[in-house]
Amino acid sequence: MAYPLSALLLLFSAISVAQTVSSSKENEPSFKMNPEFSISTNTGISENHTTLMAVIKMADLEDVLSSDGPFTVFAPSNVAFDNLSEFNLGSFLKPDNKKEVYSLLTHHIVAGNISASNILRQMCQGNGTASFTTVLGDELIATMDGTDIVLTDQFGNTAKITNADANQCNGVIHEIDSVFVPKKI
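This structure is a prediction, so every number in the text was calculated from the model and none was measured. Residue positions are given per chain, counting from 1 as you read along its sequence in written order. The model is predicted, so local features are restricted to residues of pLDDT at least 70 and side-chain atom pairs to those at 80 or more, both for listing and for counting; the totals for chains, interfaces and linings are taken over all residues. Working from all heavy atoms in the structure, the side-chain values ignore hydrogens and water.

By the criteria applied, helices consist of DSSP H or I runs no shorter than four residues and strands consist of E runs no shorter than two, each listed in order from the N terminus. Along the backbone of the protein chain there are eight helices and seven strands. Accessible area is worked out with a 1.4 Å probe on protein chains only. A residue is then buried under 20% of its type maximum, exposed over 50%, and partly exposed in between. Taking all 185 residues of the protein chain together, the buried fraction comes to 45%. Excluding contacts between residues fewer than 6 apart, the proportion of contacts in the protein chain whose partners are at least 24 apart in sequence is 65%. For the accessible areas, the method is Shrake-Rupley and the probe is 1.4 Å, while residue cover comes only from the protein chains on display. Carbon and sulfur atoms make up 52% of the accessible area of the protein chain, which totals about 9000 Å². Residues count as neighbours in contact if any of their non-hydrogen atoms are within 4.5 Å of one another.

Quick look at the sheet that holds strand 3 (residues 130-133) now. With mixed pairing, the seven strands of this open sheet are ordered in space as 2-1-7-6-5-4-3. One side of each edge strand has no neighbouring strand; the edge strands of this open sheet are strand 2 (109-111) and strand 3. Here the average twist between neighbouring strands, direction ignored, is 30 degrees. Across three bridges, the pairing between strand 5 (residues 148-153) and strand 6 (residues 158-168) is antiparallel. Among the inter-strand pairings, Val 150 is bridged to a residue of strand 6, identified as Lys 160. Against the sheet, helix 8 (residues 116-125) engages strand 1 (71-76), strand 3, strand 4 (139-145), strand 5, strand 6 and strand 7 (171-176), with an angle of about 125 degrees to strand 3. DSSP-based pairing: two strands are paired if at least 2 bridges between them are found. Throughout, an axis means a line fitted to C-alpha atoms (over the contacting stretch in the case of helices), and angles, computed between N-to-C directions, take values from 0 to 180 degrees.

On to the nonpolar core. In this structure, Leu 65, Val 73, Phe 81, Leu 104, Leu 105, Ile 173 and Val 179 are the most contacted members of the largest nonpolar core, which totals 26 residues. Those elements that provide at least two residues to this core are helix 4 (50-58), strand 1, helix 5 (78-82), helix 6 (89-92) and helix 7 (98-106). Ranked by the residues each element gives to this core, the list is headed by helix 4, at five residues. Other than its neighbours up to four places away in sequence, Val 73 contacts Ile 39, Leu 65, His 108, Ile 109, Val 172, Ile 173 and His 174. In this text, buried Ala, Val, Leu, Ile, Met, Phe, Trp, Tyr and Cys residues form a nonpolar core when linked through side-chain atoms within 4.5 Å.

Attention now moves to the pairing of strand 6. What sits between strand 5 and strand 6 in their antiparallel hairpin is a turn of four residues, with Gly 156 showing a positive phi close to 90 degrees. Looking at chain direction, strand 6 and strand 7 are connected through five bridges and run antiparallel. What sits directly across from Ile 161, in strand 7, is Ile 176. Following strand 6, the chain reverses through two residues before pairing antiparallel with strand 7.

The subject of this paragraph is the confidence of the model for the protein chain. Looking at the protein chain, pLDDT values average 83 and 80% of them are 70 or higher. Every residue in residues 1-30 is under pLDDT 50, and counting partners more than four places away or in other chains gives 30 contacts. Scored from 0 to 100, pLDDT records how confident the predictor is in each individual residue.

This part covers helix 8. Every buried residue of helix 8 is listed here: Ala 116, Ile 119, Leu 120, Met 123 and Cys 124. Viewed along the axis of helix 8, the buried residues span an arc of 140 degrees, placing them on a single side of the element. Asn 127 sits one or two positions beyond helix 8 and adopts a positive phi of about 55 degrees. Our arc is simply the arc of the directions from the helix axis toward the C-beta atoms.

Shown next as structure tokens:
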């Protein structure tokens with residue numbers, strides 16, 4: 001009986017990847033990244049990730065995200081950061097909050113190069129869910145909502161992957177529509 005579920009999830013996977021690719025064409029000018037550059041370099045030149053780059057710099061992770069890796073970054077867009085209502089991001093990005101900014105960013109990074117197809121394959125093997133541990137040590141759970149890959153953290157925060165598989169020389173970036181805010185912040 002597990003085989004039909006896997007086959008069904010594989011079908012959803014194909015639809016999801018196709019939808020992600022077609023929806024990324026709408027955002028292509030701001031999401032297009034050079035696969036020969038690092039995560040840090042591409043984020044720094046992306047018009048859609050200026051806030052994320054400010055967070056990377058504040059957390060002193062610019063050099064780490066330029067290193068060999070590989071890393072998978074679930075990258076909130078500027079719009080995702082703008083939609084944060086829990087706190088004022090400008091106040092948050094002050095030197096006194098460096099530890100909290102580091103926690104926020106590392107809550108979005110997983111060691112290894114995990115493509116969207118890898119996520120979907122793991123969901124097929126995991127009866128519809130896949131689990132990933134962030135470099136902060138927290139768990140992200142991937143599930144499907146229709147044709148979308150949705151990530152949920154241990155605090156119940158959710159984010160949809162809106163653009164998948166921006167390959168980098170040291171990993172991959174998946175753009176997400178929300179920011180995971182660890183409850184400890």
